[in-house]
Amino acid sequence: MCLLIRLVIKKLDRNWQACLHLSLPSEPGWRGGRGAGRAPAGGRQDGAAAVSARQQEMEKARPLWDNPVQFVFACISYAVGLGNVWRFPYLCQMYGGGGFLIPYFIMLIVEGMPLLYLELAVGQRMRQGSIGAWKIISPYLCGVGVASVVVSFFLSMYYNVINAWAFWYLFHSFQDPLPWATCPLNSNRTGYEEECEKTSSTQYFWYRQTLNISPSLETSGAVQWEQALCLMLAWLVVYLCILRGTESTGKVVYVTASLPYCVLIIYLIRGLTLHGAVNGLIYMFTPKLEQLSNPKAWISAATQIFFSLGLGFGSLIAFASYNEPSNNCERHAIIVSLINSATSIFASIVTFSIYGFKATFNYESCINRVILLLLNAFDLEEGSLTADNLSEMKDYLMAAHPQEYAQLLPQLKNCSLEAELDTAVQGTGLAFIVYSEAIKNMEVSQLYSVLYFVMLLMLGIGSMLGNTAAILTPLTDSKLIASRFPKEVISGVVCFINCIIGLIFTMEAGNYWFDIFNDYAATLSLLLIVLVETIAVCYIYGLRRFEKDLHTMIGRKLNWYWKVMWAFASPLLIISLFIFYLTDYILTGTLQYQAWDATQGQLVTKDYPGYALAMIGLLVASSTMCIPLGALVTFVRKRLKRERVSTVA
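Residues numbered from 1 in each chain as written. Predicted model: local features only at pLDDT ≥ 70, side-chain atom pairs only at ≥ 80, totals over all residues. Heavy atoms only, no water.

Colleague: Can you lay out a nonpolar patch on the surface for me, pointing to particular residues and giving the numbers?
Modeller: On the surface, I535, Y539, I540, W560, V564, F568, L572, I575 and I579 cluster together into a nonpolar patch covering about 930 Å² of accessible area. Counting only elements with at least two residues in the nonpolar patch, the list comes to α25 (523-554) and α26 (560-588). Ranked by residues supplied to the nonpolar patch, first place goes to α26 with 6 residues. Judged by its relative accessible area of 35%, I575 is partly exposed. (Patch = residues over 30% accessible without salt bridge, like charges linked within 9 Å, V, L, I, M, F, W, Y side chains within 5 Å. Areas by Shrake-Rupley, 256 points an atom, 1.4 Å probe, with all protein chains shown as cover. Salt bridge = Lys/Arg side-chain N within 4 Å of Asp/Glu carboxyl O. Helix = DSSP H or I, 4+ residues; strand = E, 2+ residues; numbered from the N terminus. Buried < 20%, exposed > 50% of the residue type's maximum accessible area, 1.4 Å probe, protein only.)

Colleague: Summarise the pairing of strand β1 (residues 592-597); cite the residues concerned and give the values.
Modeller: In terms of strand pairing, β1 meets strand β2 (residues 602-607) through 6 bridges, oriented antiparallel. When the sheet's bridge partners are listed, Q594 is paired in β2 with T605. Here β1 folds back onto β2 in antiparallel fashion, the turn holding 4 residues, of which G601 has a positive phi close to 70°. (Pairing = 2+ DSSP bridges.)

Colleague: Can you explain the state of the cysteines? Please cite residues and give values.
Modeller: Disulfide: a covalent bond connecting the sulfur atoms of a pair of cysteines. Under the defined criterion, the tally for this structure stands at 2 disulfides. Between the sulfur atoms of C183 and its disulfide mate C196 the distance is 1.9 Å. Between C183 and C196 the sulfur-sulfur dihedral comes to about -80°; the bridge is accordingly left-handed. Within this pair, whereas C183 is found in the loop between α8 (142-172) and α9 (194-198), its partner C196 is found in helix α9, the two being separated by 13 residues in sequence. You'll find C183 and C196 in the same group, each marked buried. A sulfur-sulfur separation of 1.9 Å characterises the disulfide bridge that pairs C366 with C415. With the S-S dihedral at roughly -75°, the linkage between C366 and C415 falls on the left-handed side. Residue C366 is found in helix α16 (residues 329-378), and its partner C415 is found in the loop between α18 (402-408) and α19 (417-422); the two are separated by 49 residues along the sequence. Judged by its relative accessible area of 9%, C366 falls in the buried class. Judged by relative accessible area, C415 falls into the buried class, the value being 16%. (Disulfide = S-S within 2.5 Å.)

Written as structure tokens, this is what we have:
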């Protein structure tokens, strides 16, 4: 399957390139093979961007992907991430099962594909990282690229902690039995740990043995050395993958992009054979069309498309900047966006088969506990109570023995398969609790545990390659930095700084800080960044001007669909999302978070302290303010330069 995907993409690119050599005009345009990027002889077509001699030199020396397939795999590895596995299934569960696919695909057409194509085209045309690309379009837009780098830096700081957790679970997956399969004994070995008895063995392993979580954000606690070592290992792996830029990353993406599909296929085959899997699939594919009238379903679909493709981080611009100038980025934008969405649906089928197994297992366990309780309480014959006649027998016992039944009633749980399937979980709760709970009940659980956490690692590392590329490409594009330090040193410094700061997330309160960064570091900032990007291309650089550049690059005119989406539909949608999130934050009032209460064995809601609210404000402002500040600094510099010239004259 993985090899088939690669061969299909390669075949498409070869066919297209054969046509391209026949159709590309021999007039001014960007031509060339490896190390291309040469400016056309003579002038530019009317309206084409002027590129300085210094930038032309940088283009000639710029490394390129070995082939178009490598670029597509890099984009897939970056875009297809943990959100496809742990957020999309949750949204399907929350907003109408199969009915959620309707707003999802509409948003893919209106928002996903157009904005992905826009970023790939900008990167390939300007042949720079995010800072340099937007600076070429307009010097006043240099802050857009800086904002993307800042957001990517924030993301890298906390995102690799997920890989550290995946390493931790992977190392423990070789134990028999799995350490989260049962509760550990207490210190006296007279029973199980009290905290574990109040919750479940999988939750105990996650909250206590993995995170060793504190009761609140105020109790920061110490750094957990096991998690710190796993984080260092995660950053070492990322560093080795990006050590030589596209030369090393280009080889790694074949593994990080294809291996998750192999694991998902294995899980699909296993999942479909599990008892109760069909219950989960029926739940997923039964559309609840009434959810189409729910505005939050449409907002969630748009948000999922936006963040799943990784728009606004600068990673896609960085990847595309290493393309041949004549690369068909339009075709690749469509391929990547469709594969990303297909992967989300594929992962949901796998997830809901696991959901069905877990829900059925919990439902039948609940039924068996009730039957055992009734058999012992009323001294009934074994076999007289079954799941089929349980309801009738409960009615009979309540009528025949009202007092005894009333005393027993608080212990009788109301078992419901529908209620089990309705339990919606996303994020780390799905990845490290729900999945691990299902895995522990499988045969050969160690094998499936290893496969699952290897898949999480591949997805996480693939996304990290894109995140670090968004930071490193503008740095290596800078002549000041690149002339003084080799690429290996620049990469090492970035990874080291991120690793040191990331130790905050390995403290006892680290998971609360993780949630703060995950919820607030990127959402509003990315919406603003991409909104400015579309406005910049369409109304500052000029849509007609950009259309001519694309015609020069790919050899055909821009379709009306892309122009309508870029100029009107996508910006309006982004503005709507921005207003929604801003309004939601305002109406929410005091921001709150979920804290783990060990005495109750469950999560409780608490208000964020003042310094946490200040940090949230700083996270949002530090990236968004880069855009106006960049424009202001450029304006002041130009004004001062003009005054110096007039003074000399």
